[in-house]
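# Structural description and commentary
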Amino acid sequence: SGVRGYESGSCTSGSFSVSYSNADFVTGLGWSSGSDRTISFSGSGSNLSWGPGVYGWQRSPLIEYYIGKSGGSSAGTYTCDGNSYNLNIDRRYNAPSIDGTTDFDQYNVNGPRTGSKDMGCHFRAWRNLGKGGSSQDYMVVIVEGWSRNTGSASVSVPNSNWYTNWWGTGSVNFTCGGGGGGGSTTTTRSNSTTTTRSSSTTTTSSSWWWGGGTWWW
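Description of the structure in this document.

Scoring rules and cut-offs
Residues numbered from 1 in each chain as written. Predicted model: local features only at pLDDT ≥ 70, side-chain atom pairs only at ≥ 80, totals over all residues. Heavy atoms only, no water. Helix = DSSP H or I, 4+ residues; strand = E, 2+ residues; numbered from the N terminus. Buried < 20%, exposed > 50% of the residue type's maximum accessible area, 1.4 Å probe, protein only. Contact = heavy atoms within 4.5 Å. Disulfide = S-S within 2.5 Å.

### Brief notes about the environment of Ser-60
Considering the arrangement of structural elements, one finds Ser-60 in the loop between strand S5 (50-59) and strand S6 (63-67). With a relative accessible area of 52%, Ser-60 lands in the exposed category. Placed 76 residues apart in sequence, Ser-60 and Gln-136 show a C-alpha to C-alpha distance of 8.9 Å. Ignoring anything within four residues of it in the chain, the contact list for Ser-60 reads Gly-133 and Ser-134.

Now the structure itself:
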């Protein structure tokens with residue numbers, strides 16, 4: 001097993017980079033509370049399992065969502081951003097979430113991952129299908145590694161102000177660039193070893209454990 005943790009905080013530079021070695025991780029930049037905003041982003045990475053793409057959580061009921069991912073059972077189709085999307089729902093049981101290990105729906109919205117996303121349109125479409133949560137939690141543009149990935153990624157998310165970083169096996173190096181008065185932040189994670197250098201970012205962390213093919217608190 002290996003230790004995994006979580007941190008989040010201010011990042012007002014509008015971009016981030018992350019390098020990873022033999023790592024499982026989820027790193028993103030956006031907003032601590034989702035809204036009907038249109039998200040424009042750009043970027044790329046090497047040896048990623050998914051991303052860059054829009055990812056977030058809703059509440060009541062608890063929902064995890066990905067824009068531009070397949071998997072699950074179809075709950076209907078709709079049009080946003082000038083494209084057709086298929087809302088697929090995968091029920092997750094006893095799985096890690098922002099509320100700890102619990103049951104929740106994962107929304108895998110099958111369609112283009114890249115390009116601007118009018119999230120108000122997506123949320124309204126879900127409601128029209130009788131789906132979606134009644135309130136928002138965080139909404140970010142992420143890159144992910146699920147298979148002990150090694151590589152790097154750089155992503156731009158204009159007007160963003162908050163980052164999230166979950167890490168596991170291997171090492172992960174997250175950098176929020178300068179600008180916006182926020183200075184620069186570099187955070188290195190190497191399994192259970194933590195080194196943080198920050199000019200203006202406050203982070204929180206907790207430990208999780210990898211075992212049996214999933215993450216556990």
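Resuming the write-up.
### So, the state of the cysteines
A complete count under the given rule lists two disulfides for this structure. The disulfide partner of Cys-11 is Cys-176, and the gap between their sulfur atoms is 2.1 Å. Classification of the bridge connecting Cys-11 and Cys-176 rests on its S-S torsion, roughly 95°, and on that basis the disulfide is right-handed. Highlighted residues: Cys-11 in the loop between strand S1 (3-10) and strand S2 (15-31) and Cys-176 in strand S13 (residues 171-176), separated in sequence by 165 residues. Exposure class is identical for Cys-11 and Cys-176. Each is buried. Here the protein pairs its bonded cysteines, counted in sequence order, in the arrangement 1-4, 2-3.

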